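Here's the letter readout for the chains.
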Amino acid sequence: DPNYRQKWIEYSAYDAEGTWMLYRNLEGKLNDMHWCRGLGMMEFYNRYLVPFGELLTDMERNGIFVDVGFLRSAEEVAR
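Predicted, not measured: the structure shown is a model, and the values here were computed from it.

Thresholds, definitions, all that
- Residue numbers run consecutively from 1 along every chain, following the written order of its sequence.
- Reporting of local features is limited, given that this is a predicted model, to residues whose pLDDT is at least 70; pairs of side-chain atoms are given and counted only at 80 or more, and all residues count toward the totals for whole chains, interfaces and linings.
- Remark: hydrogens and water are excluded; side-chain values derive from all non-hydrogen atoms of the structure.
- For the purposes of this entry, the term helix denotes a DSSP run of H or I that reaches at least four residues, the term strand denotes a run of E that reaches at least two, and both are numbered from the N terminus.
- In this treatment the radius of gyration is a C-alpha quantity, and the globule benchmark scales as 2.2 Å times the residue count to the 0.38 power.
- Partly exposed describes any residue whose relative accessible area lies between the buried limit of under 20% and the exposed limit of over 50%, with all areas from a 1.4 Å probe on protein chains only and scaled to the type maximum.
- Only the protein chains shown count as cover for residues, and the accessible areas themselves come from Shrake-Rupley with a 1.4 Å probe.
- Note on aromatic pairs: the rings of Phe, Tyr and Trp (six-membered ring only in Trp) are paired at centre separations within 6.5 Å, and the planes decide the class, stacked below 30 degrees, edge-to-face beyond 60, tilted for the rest.
- The salt bridge criterion pairs a side-chain nitrogen of Lys or Arg with a carboxyl oxygen of Asp or Glu, the two atoms within 4 Å.
- Exposure above 30% relative accessible area and no salt bridge define the residues that can form patches, which grow by joining like charges within 9 Å and nonpolar side chains of Val, Leu, Ile, Met, Phe, Trp and Tyr within 5 Å.

Participant: Sorry, what's going on with the overall build of the protein here?
Facilitator: Scanning the protein from N- to C-terminus turns up 3 helices and 2 strands. Along the protein, from the amino end to the carboxyl end, the secondary structure elements read α-β-β-α-α. On C-alpha atoms alone, the protein measures out to a radius of gyration of 22 Å, which is more than a quarter above the 12 Å that the 2.2 N^0.38 rule sets for 79 residues. Judged by the C-alpha coordinates and their principal axes, the protein covers about 60 × 50 × 20 Å. Evaluated residue by residue, the protein yields a buried proportion of 4% over its 79 residues. Here the protein displays about 7400 Å² of accessible surface, and carbon together with sulfur accounts for 59% of that area.

Participant: Honestly, the packing of aromatic side chains in this entry has me stumped. Any pointers?
Facilitator: Aromatic ring pairs: the centre-centre distance and the angle between the two ring planes describe each pair. Inspection of the entire model under this criterion finds 5 aromatic pairs. Plain terms: the ring middles of tryptophan 35 and tyrosine 48 are 5.9 Å apart, the flat faces sit at 80° to each other, and that makes the pair edge-to-face. Here the residue tryptophan 35 occupies a position in strand 1 (residues 34-36), and tyrosine 48 occupies one in helix 2 (residues 41-62), the gap between them amounting to 13 residues. Tryptophan 35 gets classed as partly exposed once you look at its relative accessible area, which sits at 22%. Here a set of aromatic residues connected by ring pairs shows up, and it is made of Trp35, Phe44 and Tyr48.

Participant: Would you explain the pattern of salt bridges in this entry?
Facilitator: If charged atoms from side chains of opposite charge come close, those side chains can pair. Scanning the entire structure with this criterion turns up 4 salt bridges. Here glutamate 27 ties to arginine 24 by a salt bridge, and the two come within 3.6 Å at their closest N and O atoms. Taken together, the positions of glutamate 27 and arginine 24, both in helix 1 (residues 5-32) and 3 residues apart, correspond to about one turn of that helix. On the basis of relative accessibility, which here comes to 47%, the residue arginine 24 falls in the partly exposed class. The salt bridge involving arginine 61 is made with aspartate 58; its shortest N-O contact spans 2.9 Å. Remark: aspartate 58 and arginine 61 occur in helix 2; sequence separation between them is 3 residues, near one turn of the helix. The exposure class assigned to aspartate 58 is partly exposed, which follows from its relative accessible area of 34%.

Participant: Which parts of the structure should I look at to understand unusual backbone geometry?
Facilitator: Most peptide bonds take the trans form, and the phi angle of most residues other than glycine is negative. Phi at arginine 37 takes a positive value of approximately 50°, unusual for a residue other than glycine. For arginine 37, a relative accessible area of 80% puts it in the exposed group.

Participant: How do you make sense of the environment of glycine 69 when you look at a structure like this?
Facilitator: Tracing the backbone through its elements, the reader meets glycine 69 in helix 3 (residues 68-78). As a C-alpha pair, glycine 69 and glycine 28 span 41 residues in sequence and 49 Å in three-dimensional space.

Participant: Would you explain a nonpolar patch on the surface in this entry?
Facilitator: Nonpolar side chains collect at one region of the surface, where Phe52, Leu55, Leu56, Met59, Ile64, Val66, Val68, Phe70 and Leu71 lie side by side and expose about 830 Å² of accessible area between them. Considering every element that reaches the nonpolar patch, the biggest residue donor is helix 2, with 4 residues.

So, in structure tokens, the structure goes:
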């Protein structure tokens, strides 16, 4: 609807700006939190959590192999 176009544009801009401001705030707080060897939690986030999140989305997109026979035998052992 053309009548709402400007409102959607403004909302999108505010949403993007708010997300950026939140990121910058949290980035500062994570950098101030000690992790190890003088590194902050932002380094932990970038080193481990970002790649893990990307791995999970890749797995979701591509699917994963499930060895049904192994799962059946594991279920039998568990009973």
